[in-house]
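Examining the three-dimensional arrangement
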Amino acid sequence: MKTKVKTKIAIACQGGGAHAAFTAGALQALFEEGVHEKFNIVSLSGTSGGALGATLAWYALKKGEQPVWKRLSDFWQDNTAQSPQEKFFNDFAIKTLEYTSKGLLPQFNIPPTSPLLKSWMSFATLGLRSRFTNFQELLETHIDFQEIASWGPLTEPPILLLGASNIRTGKLWMFNSSHEVIKVEHVLASCAIPNLFPAVEIGQDAYWDGIFSDNPPITELLDPNDVGTNLPQEIWVIKLNPTRRESIPVAADDILDRRNELEGNISLFQSLRSVERLNDLLMKGAYKEEFLDELGLREPVKIPRSFIDLEDKPYYIPFIEMSSELQTSLNYESKLDRNPERIHRLIEDGKQQARKFLAARS
């Protein structure tokens, strides 16, 4: 009996701060449904909050853990505000940001490296869990980066790609598990939102959040220079930033929300347009046979449908995207909100939408 060849897939996780709890829920549902057994996951990519989900899933897959999703679940449980003091601090910070965005409170532009800010944070977070206030410690609690260092660069799938922005050179940057050992600094760099976190210095360079580069990395998933022969037949995108808005924002905070959503989607849609163009050329026979054989490509790569895609083409699959009800309840400030009720709602919606995605795909 001929063994059925598993479809090769790549999973790309968009950034969005605490909204990435949705990604954790989506990945949990995918793994609960046995995606890692039914498909050949050749690569995972992520930016900012999406880098968290991609790295945690990649680490669990590399270790052969069962269930794969447990590490994701444990991370987000640990990342929520738990004690009354943590909940008070979280809610106070989010409300203050919301009132500032509405123009009800003055805005003070203090750099994250300011001694004054550090002193205030030390006082305000007194008595809170160190993992709640120290992101690096939280990461190192749930991912053994020393163990990853002992593996060395890994060319076997899945390949992990993390998007960041090189501040000094202005170039898009990619931390690639097949080229180098993944370090905690790489994840921190992908998540380093300017004005909130200081730039992450690695060697002679410094990095900010990958939202300024690839959110998430897409075209690199089809580049042999990045993933070798591990080219996917399908790219699944877990998308956090809404595409459509039914109303035109007028208030200052609504304008900020919509601007942040648009910025978060720019590189995604540009990347999908590039892959769409490659697919069109492939379908028109524009590539030489030996070139396609070298890449292992014979059919267009299935990619998510976006608002710019109006034609019903054979290589589209849906996004894994939040429900409209959940999207309308979120704003820019909620990307920093670690209220356990909100995190739980994001995770549960992620599970629901991932199962809908699988049903639609089949």
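This text goes with the structure placed above it.
These notes cover the structure that comes with them.

Before going further, it helps to examine unusual backbone geometry. The step from Gln66 to Pro67 runs through a cis peptide bond, and the omega angle for that step is -5°. The residue Pro67 is located in the loop between helix H3 (49-63) and helix H4 (70-79) in this model. Cis rather than trans, the peptide bond between Pro157 and Pro158 has omega equal to 0°. In this structure, Pro158 sits in the loop between helix H9 (145-151) and strand E3 (159-166). With phi around 80°, Asn195 is a residue other than glycine that occupies positive phi space. Topologically, Asn195 is positioned in the loop between helix H10 (184-190) and strand E5 (200-202).

Take a nonpolar patch on the surface next. Where nonpolar side chains cluster on the molecular surface, the patch consists of Phe88, Phe92, Trp120 and Met121 and spans about 460 Å² of accessible area. Secondary-structure elements contributing two or more residues to the nonpolar patch are helix H5 (84-101) and helix H6 (115-124). Position of Phe92 relative to the elements: it lies in helix H5.

Another point: the nonpolar core. The biggest cluster of nonpolar side chains holds 63 residues, and the ones touching the most others in it are Ile11, Leu30, Trp76 and Trp236. Those residues in contact with Ile11 that lie beyond four places of it in its chain are Leu27, Leu30, Ile41, Ser43, Leu44, Ser45, Trp236 and Ile238. The next biggest cluster of nonpolar side chains, apart from the first, holds 25 residues, and it includes Ala12, Ile159, Met174 and Ile218.

One can find Ala252 in helix H12 (residues 252-283). Looking at Ala252, the relative accessible area reads 52%, which means it is exposed. Between the C-alpha atom of Ala252 and that of Gln204, which follows or precedes it by 48 residues, the distance is 39 Å.

Bringing H3 into the picture now. Within an α-helix, residues lying three or four positions from one another point in the same direction, as the helix has 3.6 residues per turn. Taking 1.5 Å per residue as the helical rise, H3 with its 15 residues ought to reach 21 Å, and the 22 Å between its terminal C-alpha atoms agrees with that figure. Of all the 15 residues making up H3, twelve are buried; the element is thus mostly covered by neighbouring parts of the structure. All of the buried residues in H3 are Gly49, Gly50, Ala51, Leu52, Gly53, Ala54, Thr55, Leu56, Ala57, Trp58, Tyr59 and Ala60. Once H3 finishes, Gly64 follows within two positions and takes phi at roughly 70°, a positive value.

So, on to the pattern of salt bridges. Tallying each qualifying case throughout the model produces 23 salt bridges. One salt bridge in this structure joins Glu246 and Arg244, with 3.8 Å as the shortest N-O distance. Of the two residues, Glu246 and Arg244, both sit in the exposed class. A salt bridge links Glu276 to Arg273; the nearest nitrogen and oxygen atoms lie 2.3 Å apart. Highlighted residues: Glu276 and Arg273, both in helix H12, separated by three residues, approximately one helical turn. On the basis of relative accessible area, Glu276 is assigned to the buried category, the value being 3%. Looking at Arg273, the relative accessible area reads 38%, which means it is partly exposed.

Analysis parameters
Residues numbered from 1 in each chain as written. Predicted model: local features only at pLDDT ≥ 70, side-chain atom pairs only at ≥ 80, totals over all residues. Heavy atoms only, no water. Helix = DSSP H or I, 4+ residues; strand = E, 2+ residues; numbered from the N terminus. Patch = residues over 30% accessible without salt bridge, like charges linked within 9 Å, V, L, I, M, F, W, Y side chains within 5 Å. Areas by Shrake-Rupley, 256 points an atom, 1.4 Å probe, with all protein chains shown as cover. Salt bridge = Lys/Arg side-chain N within 4 Å of Asp/Glu carboxyl O. Core = buried A, V, L, I, M, F, W, Y, C linked by side-chain atoms within 4.5 Å. Buried < 20%, exposed > 50% of the residue type's maximum accessible area, 1.4 Å probe, protein only. Contact = heavy atoms within 4.5 Å. Expected span 1.5 Å × (residues − 1).

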